[in-house]
Structures are given as structure tokens and as C-alpha cells.
Amino acid sequence: MKKVFMSAMFVAAATLSTMSYADNQCDGKYIVGPVETIHVKDLDMDYKARIDTGANTTSINAYDLHVIDGNNNPNDTKKSWQENLGKMISFKTANAQGQEQTHTSKIIKISKIRNAQGVERRYAVVMDLVWNGKNHAIPVNLRDRKKLEYKLLIGRNWLDGRYLVDVSKHDDDD
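Residues numbered from 1 in each chain as written. Predicted model: local features only at pLDDT ≥ 70, side-chain atom pairs only at ≥ 80, totals over all residues. Heavy atoms only, no water.

**Overview of the pattern of salt bridges**
In step 1: The final tally for this structure, using the stated rule, is five salt bridges.
In step 2: The partner of Lys169 in a salt bridge is Glu36, with the nearest N and O atoms 3.7 Å apart. Of this pair, Lys169 sits in the segment after strand E13 (163–165) while Glu36 sits in strand E3 (residues 35–40); the two residues are 133 residues apart in sequence, bridging distant segments of the chain.
In step 3: Since its relative accessible area comes to 24%, Lys169 is described here as partly exposed.
In step 4: Linked by salt bridges that have partners in common, Glu120, Arg122 and Arg143 make up one network. (Salt bridge = Lys/Arg side-chain N within 4 Å of Asp/Glu carboxyl O. Helix = DSSP H or I, 4+ residues; strand = E, 2+ residues; numbered from the N terminus. Buried < 20%, exposed > 50% of the residue type's maximum accessible area, 1.4 Å probe, protein only.)

**Let's talk about unusual backbone geometry**
The bulk of non-glycine residues show a negative phi, and the bulk of peptide bonds are trans.
In step 1: Phi at Asp69 takes a positive value of approximately 55°, unusual for a residue other than glycine.
In step 2: Secondary-structure assignment places Asp69 in the loop between strand E6 (63–67) and helix H2 (78–82).
In step 3: Overall, Asp69 belongs to the exposed group, its relative accessible area being 70%.
In step 4: Phi angles above zero are rare outside glycine, and Asn132 is one such case at about 50°.
In step 5: Along the chain, Asn132 turns up in the loop between strand E10 (118–131) and strand E11 (134–143).

**Notes on the side chain of Asn61**
In step 1: Within the fold, Asn61 resides in strand E5 (residues 58–61).
In step 2: Among the polar contacts made by the side chain of Asn61, one reaches the main-chain amide nitrogen of Lys146 at a distance of 3.2 Å.
In step 3: Ignoring sequence-local partners within four residues, the contact set of Asn61 consists of Lys92, Thr93, Ala94, Arg143, Asp144, Arg145, Lys146 and Lys151. (Polar contact = N/O pair within 3.5 Å; in protein donor to acceptor, adjacent residues only side chain to side chain. Contact = heavy atoms within 4.5 Å.)

**What about the sheet that holds strand E1 (residues 25–26)?**
In step 1: As summarised here, the arrangement of the three strands in space is E1-E2-E13, forming an open sheet in which the pairing is mixed. The sheet is open, and its two borders are formed by E1 and E13, each paired with just one other strand.
In step 2: Here E1 pairs with strand E2 (residues 29–32) via two bridges, running antiparallel. Of the residues in E2, the one forming a bridge with Gln25 is Tyr30. (Pairing = 2+ DSSP bridges.)

**Some details on the sheet that holds strand E7 (residues 88–94)**
In step 1: Ordered by their spatial adjacency, three strands build an open sheet running E6-E7-E8, and the pairing between neighbours is antiparallel. Strands with a single pairing partner mark the edges of an open sheet, and in this sheet they are E6 and strand E8 (100–106). Ignoring which end each strand starts from, the neighbouring axes of this sheet average 15° apart.
In step 2: With three bridges joining them, E6 and E7 adopt antiparallel strand pairing. (Axes fitted to C-alpha atoms, helices over the stretch in contact; angles between N-to-C directions.)

**Observations regarding the pairing of strand E4 (residues 45–51)**
Within a regular strand, side chains alternate between the sheet's two faces.
In step 1: Side-chain alternation along E4 places Met45, Tyr47, Ala49 and Ile51 on a buried face and Asp46, Lys48 and Arg50 on a face that remains uncovered.
In step 2: Pairing of E3 with E4 involves six bridges; the strand directions are antiparallel. Bridge assignment links His39 to a residue of E4, and that residue is Asp46.
In step 3: Where E3 folds back onto E4 in an antiparallel hairpin, the turn is made up of four residues, including Asp44, whose phi is positive at roughly 55°.
In step 4: Direction of pairing for E4 relative to strand E12 (residues 152–154): parallel, over a ladder of three bridges. Considered in E12, the bridge of Ala49 is made with Leu152.

**Structural notes on the nonpolar core**
In step 1: By size, the foremost hydrophobic cluster in this structure holds 29 residues, and its most contacted members are Ile60, Met127, Ile154 and Trp158.
In step 2: Counting only elements with at least two residues in this core, the list comes to E3, E4, E7, E10, E11, E12 and helix H3 (156–159).
In step 3: Looking at which element gives the most residues to this core, the answer is E10, with five residues.
In step 4: Among all residues touching Trp158, those that are not within four sequence positions of it are Val32, Ile38, Thr58, Leu129, Trp131, His136, Ile138 and Tyr163. (Core = buried A, V, L, I, M, F, W, Y, C linked by side-chain atoms within 4.5 Å.)

Below, the structure is given as C-alpha cells:
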């Protein structure tokens, strides 16, 4: 019995060593790595993005936010933030390559985010994100990510139902 088990282990090891991870799909879902280059169509800019299955909503580097005809100094109450819902917001963004743009979009959502720094509120706008020719318009949180390595964080709202994450996969630009 021991010899049969050992033989089976050698066959399994030999088979596994010849397996390839070349497939780009599994069960109809595309496979992404932990870091991918994502094109933000609204900005015509590429971002090296961190894929984060722990984040509910995608988040982009956004600073110098200005709500047009709205409350630009909301206090920490939900009501004061909600006053800006549906209004236009202008913000600056920059990718890791230093390309900077100003963008204006409609505030579609206000999120209350719990993170290591505590609790904060963020505006969200719809942005069209493109990866490998496939695009999806999704809500994206606006957050100052200038000090963070990845200026775009991809959350489950982009991944859900379309993508699987393979942590052993590497972005071609690395």
C-alpha cells in the first residue's frame, strides 16, 4: 500500500509540474492578477491598480475636490454630505507616472468607509474602467491616494461576477 501511495504521489507531482497557468478564463470569468494596468476611459489615462478583494468599492486618487454650487465644507453628519448628492464635483487626479488631469462628474453616492484611520465619508462618481478591451462603468470613490503606491484600488464592485484573482499572476509591465 505504501509503494502504491508513493507511486501515486510521484505521478501527481510530475503532472503538477507540467501544468500551465496560461488560461485567461475560468468558468466564464477573466483572471486578473493582484496588480493590473487599468485604463480610465473618462480620463484617457492608465493606472497601475491594486486589486483588493477586501474593498467593497473601487477608489481613485482624487484631490482638490470642489462641489459645484454645493456645500464644500460638509461636517461629519450624513445629512450635510447628502446635500451634495446629485451635484457636480470637480477634482484633480494623477497616476503614478505623474500625468495629472482635472475631471468633473456627477456625485452618485456618498459612502461611509471604515479603515485603519477610522471612519470617513467619500463621494463616488461613475467612471468607465477598461482592462484588456473589456470596459465597465462603475461607482468609484474619490480619495486622496497621493501618498499611496497605487493610485487606483480596484474593489469588488468591479470584480463581481466578471473576474477571478490569481495572486500568482504578474502584470506584464512589472
